[in-house]
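Chains, contacts and geometry: an overview
Single-letter residue listing:
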Amino acid sequence: MRKYAVPLIMLIVFETVAVVLWQTKDNLFYLFNFSYIGISISLGAFLFIRKYQYARRIVQLLVGLYMMIYLGLIRGENMQIEGFWYYLFTGVFEAATIHYAVAKIFGPLIFGRGWCGYACWTAMVLDFLPYKVPEQPRRQLGWIRYITFAAALIFVAALFLAHVGNMERIMFRAFIIGNILYYASGIILAYAFKDNRAFCKYLCPVTVFLKPMSYYSLIRVKCDKEKCISCGKCRRVCPMNVDMTDNSRKRENGTECILCMECVKNCPKGAL
Ligand code: SF4
Ligand code: SF4
Ligand code: SF4
């Protein structure tokens with residue numbers, strides 16, 4: 001049973017959040033929402049342990065499509081970073097603020113950037129592109145994320161300062177336009193840099209939250225130095241350029257790990 005500890009932990013964490021929010025907010029939606037996400041993620045972790053090749057992609061589609069189509073388009077909730085600022089400024093602990101608190105701010109203390117590997121609807125599409133393993137060296141362009149982060153914050157702050165009416169409608173449109181821009185820039189960058197995850201590495205504003213919190217992540221890939229033969233295969237298959245053979249938290253690109261487990265699958269010695 002020990003090998004199923006991770007899916008079990010994930011299920012317990014999400015069910016706890018589901019029940020606590022259902023009871024405290026007196027809203028059955030939270031029980032459905034977080035149970036669905038928790039079951040999807042735990043199912044993926046379970047399938048991975050059972051060595052099913054497409055385990056991660058199944059979770060990405062189950063969670064990513066649910067969030068983008070059901071929560072975003074059908075329920076009209078802006079789950080992007082603008083939505084987070086919007087709900088935060090209105091003082092409402094709902095939708096995007098809860099989503100960010102769980103998946104992107106406090107959750108990463110437990111599961112690191114699992115969101116990026118298993119649930120993000122932007123990466124869900126980018127991961128279908130041909131450059132699963134980067135074909136060019138990583139560039140020093142991570143500073144761009146702070147500009148996109150500031151732009152989202154300034155956009156929402158300006159709407160509040162200008163006392164613009166019908167904000168809900170504007171936020172819904174911002175969700176659609178924002179997604180189109182994310183997909184377009186993500187696809188262009190992937191082809192330009194021959195790297196599916198270039199958008200995640202350089203542009204994504206959410207990483208401003210994700211990176212510092214995932215530094216302390218409980219769940220992380222570690223290397224058994226006794227077994228490792230330094231063949232370097234793990235580093236060659238990593239989409240995020242992480243040095244997973246270094247066990248320290250300060251390892252190269254350590255806060256970039258999306259827990260995709262490609263390194264673990266490819267290690268010939270089972271050292272990871
Ligand atoms: S870095 Fe951003 S775009 Fe990439 S997977 Fe994470 S949240 Fe999604
Ligand atoms: S693939 Fe395995 S054996 Fe090779 S360097 Fe990585 S951890 Fe060590
Ligand atoms: S290949 Fe390994 S180190 Fe790289 S992102 Fe995936 S799980 Fe993390």
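Here is what the cut-offs are and how they apply
- Residues numbered from 1 in each chain as written.
- Chains lettered and ligands numbered in written order.
- Predicted model: local features only at pLDDT ≥ 70, side-chain atom pairs only at ≥ 80, totals over all residues.
- Near = placed C-beta within 6 Å.
- Nonpolar A, V, L, I, M, F, W, Y, C, P; charged D, E, K, R; others polar.
- Buried ≥ 20, exposed ≤ 12 C-beta atoms within 10 Å, placed from the backbone.
- Helix = DSSP H or I, 4+ residues; strand = E, 2+ residues; numbered from the N terminus.
- Contact = placed C-beta atoms within 7 Å.
- Domains from an automatic or database assignment.
- Expected span 1.5 Å × (residues − 1).
- Arc of directions from axis to C-beta.
- Axes fitted to C-alpha atoms, helices over the stretch in contact; angles between N-to-C directions.
- Parallel < 35°, antiparallel > 145°, perpendicular 65-115°, else oblique.

Attention now goes to the site of ligand 2. Taken together, 13 residues are adjacent to ligand 2, and Cys 228, Cys 231, Cys 234, Cys 267 and Ala 271 come closest. Residues belonging to the shell around ligand 2 are distributed by class as follows: 8 nonpolar, 3 polar and 2 charged.

Attention now moves to the site of ligand 3. Close to ligand 3 lie 13 residues; Cys 238, Val 242, Cys 257, Cys 260 and Cys 263 are nearest. Among the residues forming the shell around ligand 3, the class breakdown is 12 nonpolar, no polar and 1 charged.

Here we take up helix 4 (residues 81-90). Burial analysis of helix 4 places 7 of its 10 residues in the buried class, the great majority of the element. For helix 4, every residue scored as buried is listed here: Ile 81, Glu 82, Gly 83, Phe 84, Trp 85, Tyr 86 and Tyr 87. Buried residues belonging to helix 4 abut helix 5 (95-105), helix 9 (144-161) and helix 10 (167-193). A positive phi of about 75° marks Gly 91, the residue just after helix 4.

As a further point, take the domain arrangement of the protein. As assigned here, the protein comprises domain 1 (53-214) and domain 2 (221-272). With centres defined by C-alpha atoms, the gap from domain 1 to domain 2 works out at 25 Å. Counting from both sides, the interface comprises 14 residues of domain 1 and, opposite them, 9 residues of domain 2. When contributions to the side of domain 1 that touches domain 2 are tallied by element, the ones reaching two or more residues are helix 7 (114-118) and helix 12 (207-214). Ranked by residues supplied to the side of domain 1 that touches domain 2, first place goes to helix 7 with 3 residues. Of the residues assigned to the side of domain 1 that touches domain 2, the class counts are 3 nonpolar, 5 polar and 6 charged.

The residue His 163 is not glycine, and still its phi comes out positive at about 50°. Examined against the element boundaries, His 163 turns out to sit in the loop between helix 9 and helix 10. The exposure class assigned to His 163 is exposed, which follows from the 7 C-beta atoms found within 10 Å.

It is worth spelling out the environment of Ala 192 at this point. If you trace the backbone, Ala 192 turns up in helix 10. Overall, the presence of 10 C-beta atoms within 10 Å leaves Ala 192 in the exposed class. Taking C-alpha positions, Ala 192 is 22 Å from Cys 257, a pair spaced 65 residues apart along the chain.

In this model, helix 9 (18 residues) spans 26 Å end to end at C-alpha, consistent with the 26 Å of a helix rising 1.5 Å per residue. Turning to helix 9, its buried residues number three or more, namely Arg 145, Thr 148, Ala 152 and Val 156. All buried residues of helix 9 fall inside an arc of 70° around its axis, so they share one side. Exposed and facing more than 90 degrees away from the buried side of helix 9 are Tyr 146, Ile 147, Ala 150, Ile 154, Ala 157, Ala 158 and Leu 161. Tucked inside the fold, the buried residues of helix 9 contact helix 4, helix 11 (198-202) and helix 12.

Okay, the packing of helix 2 (residues 28-49) against helix 3 (residues 55-74) next. In contact at an axis separation of 8 Å, helix 2 and helix 3 are set at 170° when each is read in the N-to-C sense. By the angle between their directions, the pair helix 2 and helix 3 is classed as roughly antiparallel. Contacts between helix 2 and helix 3 involve Tyr 36, Ile 37, Ser 40, Ile 41, Leu 43, Gly 44, Leu 47 and Phe 48 from the former and Ala 55, Arg 56, Ile 58, Val 59, Leu 62, Val 63 and Tyr 66 from the latter. Looking at the contact of helix 2 with helix 3 residue by residue, the classes come out as 12 nonpolar, 2 polar and 1 charged.

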